[in-house]
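# Chains, contacts and geometry: an overview
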Amino acid sequence: MRKCAIFDLDGTLTQSEEGIWNGVRYAAEKLGFPEPDAATLRKFIGPPLGFSFREYMGMDEAMAETATMTYREYYNVHGLFENRVYPGIRRLLRTLKQEGWYIGIATGKPQKTSERVVAHFGLDKFVEKLCGPVGDHRPGKIELICDALPEGWDASIDDIWMIGDRKFDIEGAIGAGVKSIGVGYGYGSEEELRQAGCTQYCATVQDVIDFLCPGAAAPKGAFLSIEGLDGSGKGTQIRLLTDVIERFGFELQLTREPGGCPISEKLRDIILDKNHEEMDDVTEALLYAASRAQHVRQVIRPAVEAGKVLLCDRFVDSSVAYQGGGRQLGVQRVLDINAPAVDGTMPMATVYLDVDHETSMARRAAATELDRMELAGDSFHARTEAGYRELIARDPERFIVVDATRTPEEIGREVAQRVLARLMEAE
Ligand code: TYD
């Protein structure tokens, strides 16, 4: 017999207040009402909108109806995507799916809107049935839960769980004759959920995973790297990408090379020290590889095993470009030096921020103090760029090459879209 998990959407799978609050503010402003304060806004999450506009903003029936329509003008275009998937939710859904569970959604948000949210975040592939209000019909939670169950379900079967963050979800579950989990990370309190009679209370997403799928292996995470010449805007793009990846509910871990763990950070200091003028090119290449060997085993592999998205600021491609190209040790020689360090652990995708070496050096020179690598001459950076180009030609599937001469926002949008596509493909 299949086990079933039916989820509430807002406050359980997604943290949706940003878009809802902006929608309420938009409606208030357009209709000449004062801007609602934080406490009032908070009350809008959960109950039907018309009810909230009447109850919390003192509107009459007709005005509340207009406010709801005005809200939708904003929400259906922008608000819907001003939303985030709770951290760990993707891992929960993947684990359930992997363990053969049926997954449904029962939500008070209109079905069409909910479908758009779920598709936007790429969660639709996990969900077999999504039920929300259609047109003017406003079903209660009991009806929604029953609708979201698989065809021919039987209330007497043991393993149907409704998972939600408010008392309405728990009361609905009881009415539908199924068990319930109240989750503490959403908009309801533990007290509210326990009073409503939840079968089980889970404070975190991890608790839900441990409760529903004890002992299940964590689905594999993903290893990403980002590369570019010094001054390619890597720092800014890492910040922007981190935000988007987390917004989609992936559990991100950020790290860097050289460095990323205590031993490798010590090696970093040795490698980049400006006073080490006598450092031989082969020594340099071996030190980068040594630092990488530790980092791969201590940080990268464990994170991916635990289901995280590990984003590494530079990886072995930097060695091939800088030591192989820049220092002229040769691409193959540097790959050979790094083989035991990497030991088969390669990124599933690598973002390459594409600026030529003239642009990159002009940008770096205008910024902070330069390190030992950046102090190398102009032809060094030209050869490094050539090294990257050779790598991209060898492995075009792995590289996401992005024109990095545009504004940070334009670059960020393209990087986000292409990286998310790869991550979701691999789920
Ligand atoms: P990075 O931390 O990206 O530079 P910054 O601190 O200026 O942002 O990288 C430090 C330098 O090390 C950079 O010039 C590239 C170089 N490097 C190599 O030459 N080989 C390598 O394998 C790696 C990882 C970095």
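Details of the structure are given in the entry above.
Here we summarise the structure given alongside this text. (Residues numbered from 1 in each chain as written. Predicted model: local features only at pLDDT ≥ 70, side-chain atom pairs only at ≥ 80, totals over all residues. Heavy atoms only, no water.)

We now examine the overall build of the protein. Broken down by element type, the protein carries 18 helices and 13 strands. Viewed in the frame of its principal axes, the protein has a C-alpha envelope of about 75 × 55 × 35 Å. By the burial criterion, 53% of the 427 residues in the protein qualify as buried. When contacts within the protein are restricted to residue pairs at least 6 apart in sequence, long-range pairs at least 24 apart make up 72% of them. Accessible surface computed for the protein: about 18700 Å², of which carbon and sulfur atoms make up 52%. Averaging the locations of the 50 positively and 68 negatively charged side chains of the protein gives two centres separated by 1 Å. (Helix = DSSP H or I, 4+ residues; strand = E, 2+ residues; numbered from the N terminus. Buried < 20%, exposed > 50% of the residue type's maximum accessible area, 1.4 Å probe, protein only. Contact = heavy atoms within 4.5 Å. Areas by Shrake-Rupley, 256 points an atom, 1.4 Å probe, with all protein chains shown as cover. Lys, Arg positive; Asp, Glu negative; His and termini not counted. Charge placed at Lys NZ, Arg CZ, Asp CG, Glu CD.)

On to the sheet that holds strand β1 (residues 4-7), then. Taken in spatial order, the six strands of this open sheet run β5-β4-β1-β6-β7-β8, and their pairing is parallel. For this open sheet the edge positions go to β5 (129-131) and β8 (200-202), each flanked by a neighbour on one side alone. Taking the axes of each pair of neighbouring strands and ignoring which way they run, one obtains an average angle of 20° across the sheet. The strands that helix α5 (residues 89-98) touches are β1 and β4 (102-106); relative to β1, the one it contacts most, it runs at about 155°. Of the strands in this sheet, β1, β4, β5 and β6 (160-164) touch helix α7 (residues 141-148), which is tilted by about 150° from β4. (Pairing = 2+ DSSP bridges. Axes fitted to C-alpha atoms, helices over the stretch in contact; angles between N-to-C directions.)

What follows deals with the packing of helix α11 (residues 234-247) against helix α18 (residues 408-426). Relative orientation of the contacting elements α11 and α18 amounts to 45°, with a least axis distance of 9 Å. For the element pair α11 / α18, the angle class is oblique. The two elements α11 and α18 meet at a crossing, and its hand is right-handed. On the side of α11, the interface is formed by T236, Q237, L240, L241, V244 and I245, while α18 contributes P408, I411, G412, V415, A416, V419, L420 and L423. (Parallel < 35°, antiparallel > 145°, perpendicular 65-115°, else oblique. Left-handed = near helix turned anticlockwise from the far one by under 90°.)

This paragraph deals with the side chain of E284. For E284, the location among the structural elements is in helix α13 (residues 281-305). For E284, a relative accessible area of 0% gives the class buried. Only 2.6 Å separates the side chain of E284 from the side chain of Q323, close enough to count as a polar contact. Within the local environment of E284, its side chain forms a polar contact with the side chain of R327, the two groups lying 3.0 Å apart. (Polar contact = N/O pair within 3.5 Å; in protein donor to acceptor, adjacent residues only side chain to side chain.)

This next bit is on the site of the ligand. Contacts to the ligand come from 17 residues, most closely from D230, R292, R314, S319 and Q323. Interatomic distance of 2.6 Å between a side-chain N/O atom of R314 and an oxygen atom of the ligand. Contact between the ligand and Q323: a nitrogen atom at 2.9 Å from a side-chain N or O atom of the residue. For the ligand, whose accessible area on its own is 540 Å², the fraction buried by protein is 88%. When contributions to the shell around the ligand are tallied by element, the ones reaching two or more residues are α12 (262-272), α13 and α14 (316-326). (Near = heavy atom within 4 Å.)

We now examine the packing of aromatic side chains. For any two aromatic rings, the description comes down to two numbers: the centre-to-centre distance and the angle of the planes. Following the criterion strictly, the structure yields 12 aromatic pairs and no others. Ring centres 5.1 Å apart and planes at 70° place the aromatic pair F44 and F53 in the edge-to-face group. When its relative accessible area of 2% is taken as the criterion, F44 is described as buried. The ring centre of F315 lies 5.5 Å from the NZ or CZ of R292, which sits over that ring. (Phe/Tyr/Trp six-rings, centres within 6.5 Å; stacked < 30°, edge-to-face > 60°. Lys NZ or Arg CZ within 6 Å of the ring centre and 35° of its normal.)

Along the chain, the position of S180 falls in strand β7 (residues 179-183). What makes S180 buried here is its relative accessible area of 1%. Beyond its immediate chain neighbours, meaning those up to four positions away, S180 contacts W161, M162, I170, A173, G197, C198, T199 and Q200.

What follows concerns the sheet that holds strand β10 (residues 252-256). Strand order in the open sheet formed by five strands is β10-β11-β9-β12-β13, and the pairing between neighbours is parallel. The open sheet has two edge strands, β10 and β13 (399-403), and neither has a second partner. Averaged over all pairs of adjacent strands, the angle between strand axes in this sheet comes to 20°, irrespective of strand direction. In terms of strand pairing, strand β9 (residues 222-228) meets strand β12 (residues 349-354) through five bridges, oriented parallel. Considered in β12, the bridge of S225 is made with T350.

All buried positions along helix α8 (residues 167-176) are accounted for by D169, I170, G172, A173 and A176. All buried residues of α8 project into a common sector of 160° when viewed along the axis, lining one side. Looking at the buried residues of α8, the elements they touch are α7, β6, β7 and α9 (190-196). (Arc of directions from axis to C-beta.)

Any functional reading would require information beyond the geometric quantities listed.
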